[in-house]
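# Analysis of the macromolecular model
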Amino acid sequence: LLTGWVLDPDTTAPAEVHVYVNGGWGGAFTAGVSRPDVGAAYPGRGAEHGFDVTVPLAPGANRVCLYAINVGPPAPNPEISCTTLELKTQPFGDARISGGEDGASVAGWAVDPETSSPIDVHVYVDGNWGTALTANVERPDVAAAIPGVGPRHGYSAQLPMAPGSHEVCVFAINVKQGTVSPVLGCATVLVGRPPTGNFEAASVKGAVVSLDGWALDPDTTAPIDVHVYADDRFAAVVPAGGSRPDVAAAFPASGPGHGFRATIVLAPGRHKVCAYAINVVGGTGNPSLGCRDVVVPPSVPPSGTLDYARGVPGHIITGGWTYDPDVPTRPVYVHLYVDGRWGGQVLANEDRPDVGAAIAGAGNEHGYTAYLPVAPGRHTVCAYAIDPAGAANPLLNCLPVVVS
């Protein structure tokens, strides 16, 4: 941008100005912009002697000289100004960055206006050096959009990376050392391969649904989690860490510990149970391992008893056992009430060999003991077995007790 003023004493008309850039012709214009300050300084000459023009320059240093063209008899055309101007330019271009199973891909184009030759592109990963590329791939679209630069300005590369989240940035390297090399783009990408596996079987015994299968993530040899949903509602987290030699044989790099076996308790009726492998790289998808339809039979209420209730100063000590045939090897909760009011709950998981001997397949862990704080006097303690399948919660027994 050139601004200033010039007048010829031989005329009141605007003078012509010639421009030369680096010794070559740069253009001509008429200094006819209003400059009241010039008009005031030179009375009778008028004010139309200013100029404000733009002259194209090449990148780098340019010697720009302006000359006033004399309107009189042949005479010198005086130099108005001659100065060196630096046209500072930066490279520019485009970057497309995406994550993949084993790394990230970068692609795009880069041009430096100071040269038609291909320029370098540098890639950084998580703030650290990644790699250097040369933007020399044919890109006819770039050549068509930016005349004079030619087509060899594209680049593309695959960068191997560890699984996880990474920030990838691409920079266009300025051909002039010590100048700005602008960023063409940055993106956070996720690198990782999806888990695989199979929800192989679901069996029902009472209210207990047993699940079997396997799952692994190629990005790790460690066991991964499997999430179980019943009727589209979250039901359980299952670690897939059980021994599966067949899986190890099929996926030797992943090791043997990728089987899962779990149980969930469901209410009577038909249910859809689904399993999902949880990706160790969050945000990259947790694929379905499959779904199974199961039918849980009508619930059988728990049975058992409140064996005893003894009074001690300030407390009632009470205990008994309970067993639910819908969950034969699982302890169930017992709710206790004192004089019709809530007293607390305990899990019936204490050893009762007599119960295990009397009920085949039940196991021994079905006993319970509770310590209930109460005031001195006569009280009645009642115990109820809580059905985990949501059916009836039967009364086990009520006993009187005296607390001193």
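Further up the page is the structure itself.
Described below are features of the structure shown in this document.

So, about the overall build of the chain. Scanning the chain from terminus to terminus reveals four helices and 31 strands. Since a compact globule built from 404 residues should have a radius of gyration of about 22 Å, the 43 Å found for the chain marks it as more spread out than a globular shape. The buried share of the chain, reckoned over its 404 residues, is 39%. In the chain, 58% of the contacts between residues at least 6 apart in sequence involve partners at least 24 apart. Here the chain displays about 20,300 Å² of accessible surface, and carbon together with sulfur accounts for 54% of that area.

Our next topic: the state of the cysteines. Considering all chains together, one arrives at four disulfides under this definition. Each sulfur in the disulfide pair cysteine 382 and cysteine 398 lies 1.9 Å from the other. Looking down the S-S bond of the cysteine 382 and cysteine 398 bridge, the torsion is 115°, so its handedness is right-handed. Taken together, the residues span a long stretch of sequence, with cysteine 382 in strand S30 (residues 377–385) and cysteine 398 in strand S31 (residues 395–403) at a distance of 16 residues. Sequence-ordered numbering of the disulfide-bonded cysteines in the chain gives the connectivity 1-2, 3-4, 5-6, 7-8.

Spatially, the four strands line up as an open sheet ordered S16-S17-S21-S20, and their pairing is antiparallel. Two strands lie at the open edges of the sheet, namely strand S16 (196–205) and strand S20 (242–243), each paired on one side alone. The pairing of S20 with strand S21 (residues 257–265) spans two bridges and is antiparallel. Looking at the pairing, serine 243 lines up with glycine 257 of S21.

Relative to strand S19 (residues 233–240), strand S18 (residues 224–230) runs antiparallel, the two being bridged by seven bridges. Looking at the pairing, histidine 227 lines up with valine 237 of S19. Here S18 hands over to S19 after two residues, with aspartate 231 in that stretch at a positive phi of 55°. Direction of pairing for S18 relative to strand S22 (residues 269–277): antiparallel, over a ladder of five bridges. By the bridge assignment, alanine 230 is partnered in S22 with valine 273.

Here the structure, examined in full by the defined rule, presents twelve aromatic pairs. When the centroid spacing of 5.3 Å and the interplanar angle of 50° are considered together, the rings of phenylalanine 29 and phenylalanine 51 count as tilted. With phenylalanine 29 in strand S3 (residues 24–30) and phenylalanine 51 in strand S5 (residues 48–53), this pair connects stretches of sequence that are 22 residues apart. Accessibility expressed as a relative area gives 12% for phenylalanine 29, which makes it buried. Given a relative accessible area of 6%, phenylalanine 51 falls into the buried group. Just above the ring of phenylalanine 199 sits the side chain of arginine 292; from NZ or CZ to the centre is 6.0 Å.

Another point: the sheet that holds strand S8 (residues 92–99). Ordered in space as S8-S9-S13-S12, the four strands form an open sheet in which the pairing is antiparallel. Only two strands of the sheet have a single neighbouring strand rather than two, namely S8 and strand S12 (137–138). Both S8 and strand S9 (residues 103–111) contribute to a ladder of eight bridges, which runs antiparallel. Its bridge partner lying in S9, isoleucine 97 is registered against valine 106.

Let's shift gears to the nonpolar core. If you look at the biggest cluster of nonpolar residues, it comprises 23 residues, and the most contacted ones within it are Val226, Ile264, Leu266, Val273 and Leu289. At the level of secondary structure, the elements contributing two or more residues to this core comprise strand S17 (208–216), S18, S19, S21, S22 and strand S23 (288–296). Looking at this core, the element that brings in the most residues is S18, giving four residues. If we skip the residues at most four places from it in the chain, valine 273 touches Phe199, Leu211, Val228, Tyr229, Ala230, Ile264, Leu266, Gly290, Cys291, Arg292 and Val294. In this structure, Ile97, Ala104, Leu133 and Ala157 belong to the second largest nonpolar core, which totals 21 residues.

Mapped onto the elements, isoleucine 97 comes out in strand S8. Judged by relative accessible area, isoleucine 97 falls into the buried class, the value being 17%. Taking the C-alpha atoms as reference points, isoleucine 97 and valine 237, separated by 140 residues in sequence, lie 35 Å from one another. With sequence-adjacent residues up to four places away left out, isoleucine 97 is seen in contact with Ser105, Val106, Val168, Val170, Gly185, Cys186, Ala187 and Val189.

Turning our eyes to something else, we now look at unusual backbone geometry. A positive phi is found at aspartate 231, a non-glycine position, where the angle reads about 55°. Given a relative accessible area of 37%, aspartate 231 falls into the partly exposed group. With a phi close to 65°, aspartate 232 is a non-glycine residue in the positive phi region. For aspartate 232, the position within the fold is in the loop between S18 and S19.

Attention shifts here to the pattern of salt bridges. Here the structure, examined in full by the defined rule, presents twelve salt bridges. Note that aspartate 94 and arginine 96 form a salt bridge whose closest N and O atoms lie 3.3 Å from each other.

Note that histidine 379 resides in strand S30. Among the polar contacts listed, one links the side chain of histidine 379 to the backbone oxygen of alanine 375, at a separation of 2.7 Å. Residues within four places of histidine 379 in sequence aside, it is in contact with Ile316, Val338, Asp339, Val374, Leu399, Pro400, Val401 and Val403.

Conventions we followed
Along every chain, residues carry numbers that run from 1 in the direction the sequence is written. Totals for whole chains, interfaces and linings use every residue, but because this is a predicted model, local features are given only for residues with pLDDT of at least 70 and side-chain atom pairs only at 80 or more, for both listing and counting. Note that water and hydrogens are dropped before the side-chain values are worked out from all heavy atoms of the structure. Numbered from the N terminus, helices here are DSSP runs of H or I no shorter than four residues, and strands are runs of E no shorter than two. Both definitions apply: the radius of gyration is a C-alpha atom measure, and the globule rule equals 2.2 Å times residues to the power 0.38. Type-normalised accessible area, obtained with a 1.4 Å probe on protein chains alone, sets the label of each residue: buried when under 20%, exposed when over 50%, and partly exposed for intermediate values. Contacts are assigned to residue pairs that have any heavy atoms within 4.5 Å of one another. Note that accessible areas follow from Shrake-Rupley with a 1.4 Å probe, and for residues the cover is restricted to the protein chains shown. Note that a disulfide, as used here, is simply two cysteine sulfur atoms within 2.5 Å. Note on pairing: DSSP must find at least two bridges between two strands before they are called paired. Aromatic pairing here means that ring centres of Phe, Tyr or Trp (its six-membered ring) are within 6.5 Å. Orientation follows from the plane angle: under 30 degrees is stacked, over 60 is edge-to-face, and everything else is tilted. Criterion for a charge above a ring: Lys NZ or Arg CZ within 6 Å of the ring centre, and within 35 degrees of the ring normal. Take the buried residues of types Ala, Val, Leu, Ile, Met, Phe, Trp, Tyr and Cys, join any two whose side-chain atoms come within 4.5 Å, and each joined set is a nonpolar core. The rule for a salt bridge is simple: a side-chain nitrogen of Lys or Arg has to be within 4 Å of a carboxyl oxygen of Asp or Glu. Two N or O atoms form a polar contact when they lie within 3.5 Å of each other; inside protein one atom must be a possible hydrogen donor and the other a possible acceptor, and for residues adjacent in sequence the pair counts only when both atoms belong to side chains.

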